[in-house]
Amino acid sequence: MNVYSLALLSTALHTAPPADSAVYSGADRQLAVSVPRIAEAAVRLDGDLGDAVWSQAAVLTGFTQTEPVEGAPASERTEVRVFYTPAALYVGVRAFAKDPSRIRSSLAERDKILRDDQVQILLDTFYDQRRAFAFYVNPLGIQQDGILNEGGARRREDRADFSPDFLWQSRGRLTPEGYTVELRIPLKSLKFAGGRTQTWGINVIRSIAASGAEEAWAPLSRGNPSRLAQSGTLQGIHGLRPGRLVEVNPTATARRLGTTGSHGFARGELEPDLGVNLKYGLTSNMTLDATINPDFSQVEADAGQITVNERFAISVPEKRPFFLEGGDIFGTPEPLVYTRTIVDPSAGVKLTGKVNGFSVGYLGAVDESPLAARGGFAPRGERAVFNIARVQRDVGSGSSIGALLTSRETGDAFNRVLGVDARFRFGGVYSWQLQGAESWTRAWRPDPAGLDSAGAAGSRVAVATHERAGHLLHTAVDRSGRRWGFRLQARDVPQEFQSQAGFVRRTALTELFAVNRFTSFGRAGALLENRNVFLLLNRVYDGRDFWRGERAAEGSASVRTSLSFRGNNRVEASYANRFFVLDPSDYAAYSAPGVGTGEALVAPIRELSGLHGFSLSGNSSYFKTVSAGVGTEWQQTPIFAEGTAGRQWSVTGEVALRPTDALRVEASLRRTRISRERDGSLYSVATLPRLKMEYQLSRAVFFRAVGQYAVEEVDVLRTPEGLPYLRNDAPFRVRRGRRVVEDEAQLNPLQLDLLFSYQPSPGTVIFLGYGREVYDRESFRFSGLELRSDAFFLKFSYLFRR
């Protein structure tokens, strides 16, 4: 027997549950846990699990595999210990590994551990099988947390929303046998029912990065549409005394901006700002939040997106803490609440919680920048007032019905939306989702007599006498079988519908969508572990064409297959056949030279059909210190800005390096080239390289540098015959989506962001950042760079909790 075997035997003997510890095996379906209550627990959180109190904990064993081979025995042994005190829940985990050298752990920034080995704790504290707190921890105790909300706005219901941050403690350490972690979750950080004796849902899931395996204590199957309904339970919970939750989180920020204007580059004055977030726990299941001047700290360039041929708006994630807490309550299938529409709030209040099966939420805010949010006209000094109310009632096992009211008032103008939604589970593997909404809108219209010399709206502004009403309908049926699943979805959103508090990406359409999924599994440890085949079909009808029996304006039929190979390697390929019918009215304002006076309506190609598209991608996380992915796509496509036929070729590549536990380097490259099918001439080429480096000095301190270079070369718009379109008697281009420019300049912005961060816990932070943007007028020449803007940024906040 070698030294390693002796060490394993010694550990097994040392960690074996004592006679008075109850052991619950998920593999044997022993999922109802009588969790012990310990009045006083002397636990030193160091990741060791050596304190005597752990011998009294309930022991959870018998994990089974969920990915890649559903139902297979666990590839590694995992043991979980659980107990609670009147003020906190304690969880300890021993994760054994046959080859500990392949465990992946990093001293990462909070909420950035998904590439590591990790343990996930899902706590359904209301035991409603709809919503759970998600606590993730890697082998070094680094945290990631969020909310798993089934039936909400997220398309993938098995993935948590990691936007919220909770206050809890964790430590971890690597051992010769694997790793151990300890968690302490204060009851103040949770919401739960107020009964004397409670039952909570629980599941513990272990992710093994080297193999891509996911192994759960309570077995999980695709044959059940709800992950939470498959959880085990912590029973007999009683005598909880979390204390009253009171949090005060003052923030102080300062920035100094530099911009290039008509007189050259100049920096403005230092702009200090103060704000505060307040939280008060009315009960264990209801929380009141308030904010004055909430901070929005954009300290890193958003990951770039190429939008040369993009037709519709793109949403940006919310990052302000006040809007994140309890935000899942406001989720609906069509997102009618999108808090980024509240651009510059001066004050806000929010109430969220759950009482007797009713989830309730209210959000009110005053926005100082209504024009920036929605565009159009408004009187000077006018503010937008938001009121959003939500209620959702649990029905039966896993079903719910709800209602939502949103209102955005700007003086006498308004947008109001009233909606209802429902989700029903039936037949074991089926779910049915419904949503309907009606909007009423009154808009500002400028009074020409009230415009100043620059054409800005002054104090005299007329309100339109007519009001506009519109509806939204959404329905979807899902089947979540282990080997076969499907989704059938329909949505109808007329042009008259508006949701100024939400994000409805596209209106004036009726859309039908269907997808079938077929899954097969290999043997555990086989080269090919699982395969998925997806058959997709969609049709989009303009305006009311569907209801008039007219043909669709666009559609596609496609097939996509994904293969998962041993060692966390994946390959995906797809083929699509698409068609589009373009609307001539979109181009009615264009003119072309050589037609009389030079002004004429120019028609696009009316219909483009039989457009083929192919894609191939692969990614690998086989190696401990390197992961990489590459993909390519070729497709025939309309060039929407000019109404012609084109061909698009895209390539993407990314690599992530983790040479040490503390250093992370991520590099990516995206390149898209669009040419005209008529003659092969270049319409556009966009290249977006990005480099991100982070060094984690300790759990709380890190340095980050991000560089991003956006190169975009675009030709002037041309008619289907090759003549240039004209605006103001001159050729013009469209860049960055639909922004019209008439000069010849290629701006090619190069951005650099630097950040020092100290964040010992959520709410307590020091940020010191600098951002700089320069323009390179000749792509990849890097000579004569023109400074366009820069900014210094400082933020300090401290969370006081009682």
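### Quick notes on the overall build of the protein
Phase 1 of the analysis: When helices and strands are counted, the protein shows three helices and 47 strands.
Phase 2 of the analysis: By residue count, 50% of the 802 residues in the protein fall in the buried class.
Phase 3 of the analysis: For the protein, contacts bridging at least 24 residues in sequence account for 62% of all contacts bridging at least 6.

### Digging into the nonpolar core
Phase 1 of the analysis: Core analysis: the largest hydrophobic core is formed by 40 residues, its most contacted members being L123, F135, L190, V204, W217 and L234.
Phase 2 of the analysis: The set of elements that each furnish at least two residues to this core consists of β3 (58–61), β5 (78–84), β6 (88–96), β7 (118–124), β8 (131–137), β11 (178–186), β12 (197–208) and β14 (232–238).
Phase 3 of the analysis: Setting aside residues up to four positions removed in sequence, V204 forms contacts with L60, F63, V80, V119, Q120, I121, E215, A216 and W217.
Phase 4 of the analysis: Ranked by size, the runner-up nonpolar core spans 19 residues in total, among them F322, I342, V493 and V504.

### Comments concerning the environment of R423
Phase 1 of the analysis: Mapped onto the elements of the fold, R423 is located in strand β23 (residues 413–426).
Phase 2 of the analysis: The buried category is assigned to R423, whose relative accessible area is 6%.
Phase 3 of the analysis: C-alpha of R423 to C-alpha of Q435: the two residues are twelve residues apart in sequence and 8.9 Å apart in space.

### A short note on the pattern of salt bridges
Phase 1 of the analysis: Tallied over the entire structure, the rule returns 43 salt bridges.
Phase 2 of the analysis: Via salt bridges that share partners, E109, K112, R664, K692, E694 and R704 belong to a single interconnected network.

### Describing the packing of aromatic side chains
Phase 1 of the analysis: Summed over the entire model, instances satisfying the criterion amount to 27 aromatic pairs.
Phase 2 of the analysis: The interplanar angle of 45° and the centroid separation of 6.2 Å between the aromatic rings of F424 and W432 together place this pair among those described as tilted.
Phase 3 of the analysis: Accessibility expressed as a relative area gives 36% for W432, which makes it partly exposed.
Phase 4 of the analysis: Over the ring of F96 we find R77; its NZ or CZ atom is 4.2 Å from the centre of that ring.
Phase 5 of the analysis: Just above the ring of F322 sits the side chain of K350; from NZ or CZ to the centre is 5.1 Å.

### Here's the deal with a nonpolar patch on the surface
Phase 1 of the analysis: Judged by side-chain polarity, V248, L278, Y758, I766, L768, L794, F796, Y798 and F800 come together as a nonpolar surface patch covering roughly 770 Å² of accessible area.
Phase 2 of the analysis: Going through the elements one at a time, β45 (764–775) and β46 (786–797) are the ones with two or more residues in the nonpolar patch.
Phase 3 of the analysis: Note that L794 resides in strand β46.
Phase 4 of the analysis: According to the relative accessible area criterion, L794 is partly exposed, its value standing at 39%.

### Let's talk about the sheet that holds strand β10 (residues 169–175)
Phase 1 of the analysis: Taken in spatial order, the six strands of this open sheet run β1-β3-β5-β6-β11-β10, and their pairing is mixed. If you trace the sheet from one side to the other, it starts and ends with β1 (23–25) and β10, each paired once. This sheet shows a mean twist of 15° between the axes of neighbouring strands, independent of strand direction.
Phase 2 of the analysis: Here β3 pairs with β5 via three bridges, running antiparallel. Following the sheet pairing, L60 is matched in β5 by V80.

### Some words on unusual backbone geometry
Phase 1 of the analysis: Between E67 and P68 the backbone carries a cis peptide bond, its omega angle lying at 0°.
Phase 2 of the analysis: Its location among the elements puts P68 in the loop between β4 (64–67) and β5.
Phase 3 of the analysis: Phi at A508 takes a positive value of approximately 60°, unusual for a residue other than glycine.
Phase 4 of the analysis: Locating A508 in the fold gives a position in the loop between β28 (484–493) and β29 (509–521).
Phase 5 of the analysis: According to the relative accessible area criterion, A508 is partly exposed, its value standing at 21%.

### Digging into the side chain of Q129
Phase 1 of the analysis: Turning to its location among the elements, Q129 is positioned in the loop between β7 and β8.
Phase 2 of the analysis: Apart from the residues within four sequence positions on either side, Q129 is in contact with D124, E150, S226, L228, A229, S397 and R425.

### Topic: the confidence of the model for the protein
In low-pLDDT segments, the atomic positions of the prediction should not be examined closely.
Phase 1 of the analysis: Looking at the protein, the pLDDT average stands at 86 and 87% of residues meet or exceed 70.
Phase 2 of the analysis: Here residues 1–19 is a poorly scored stretch, pLDDT under 50, and it has 22 contacts once near neighbours within four places are set aside; other chains count.
Phase 3 of the analysis: Across residues 298–312 the pLDDT falls below 50, and counting only partners more than four positions away or on other chains, this stretch makes 54 contacts in the model.

### Considerations on the side chain of T125
Phase 1 of the analysis: Looking at where T125 falls in the secondary structure, it is placed in the loop between β7 and β8.
Phase 2 of the analysis: Using a relative accessible area of 2% as the deciding quantity, one classes T125 as buried.
Phase 3 of the analysis: With residues near it in sequence (within four places) discarded, T125 still touches F133, L190, K191, F192, A193, Q198, T199 and W200.

### Let's talk about the pairing of β11
Phase 1 of the analysis: Buried residues dominate β11, accounting for eight of its nine residues.
Phase 2 of the analysis: Relative to β11, β6 is paired through nine bridges, and the arrangement is antiparallel. The partner of V91 across the bridge, within β11, is L183.
Phase 3 of the analysis: Sheet analysis places β10 next to β11, joined by seven bridges and oriented antiparallel.

What counts, and where the lines are drawn
- Residues numbered from 1 in each chain as written.
- Predicted model: local features only at pLDDT ≥ 70, side-chain atom pairs only at ≥ 80, totals over all residues.
- Heavy atoms only, no water.
- Helix = DSSP H or I, 4+ residues; strand = E, 2+ residues; numbered from the N terminus.
- Buried < 20%, exposed > 50% of the residue type's maximum accessible area, 1.4 Å probe, protein only.
- Contact = heavy atoms within 4.5 Å.
- Core = buried A, V, L, I, M, F, W, Y, C linked by side-chain atoms within 4.5 Å.
- Salt bridge = Lys/Arg side-chain N within 4 Å of Asp/Glu carboxyl O.
- Phe/Tyr/Trp six-rings, centres within 6.5 Å; stacked < 30°, edge-to-face > 60°.
- Lys NZ or Arg CZ within 6 Å of the ring centre and 35° of its normal.
- Patch = residues over 30% accessible without salt bridge, like charges linked within 9 Å, V, L, I, M, F, W, Y side chains within 5 Å.
- Areas by Shrake-Rupley, 256 points an atom, 1.4 Å probe, with all protein chains shown as cover.
- Pairing = 2+ DSSP bridges.
- Axes fitted to C-alpha atoms, helices over the stretch in contact; angles between N-to-C directions.
- pLDDT = per-residue confidence, 0-100.

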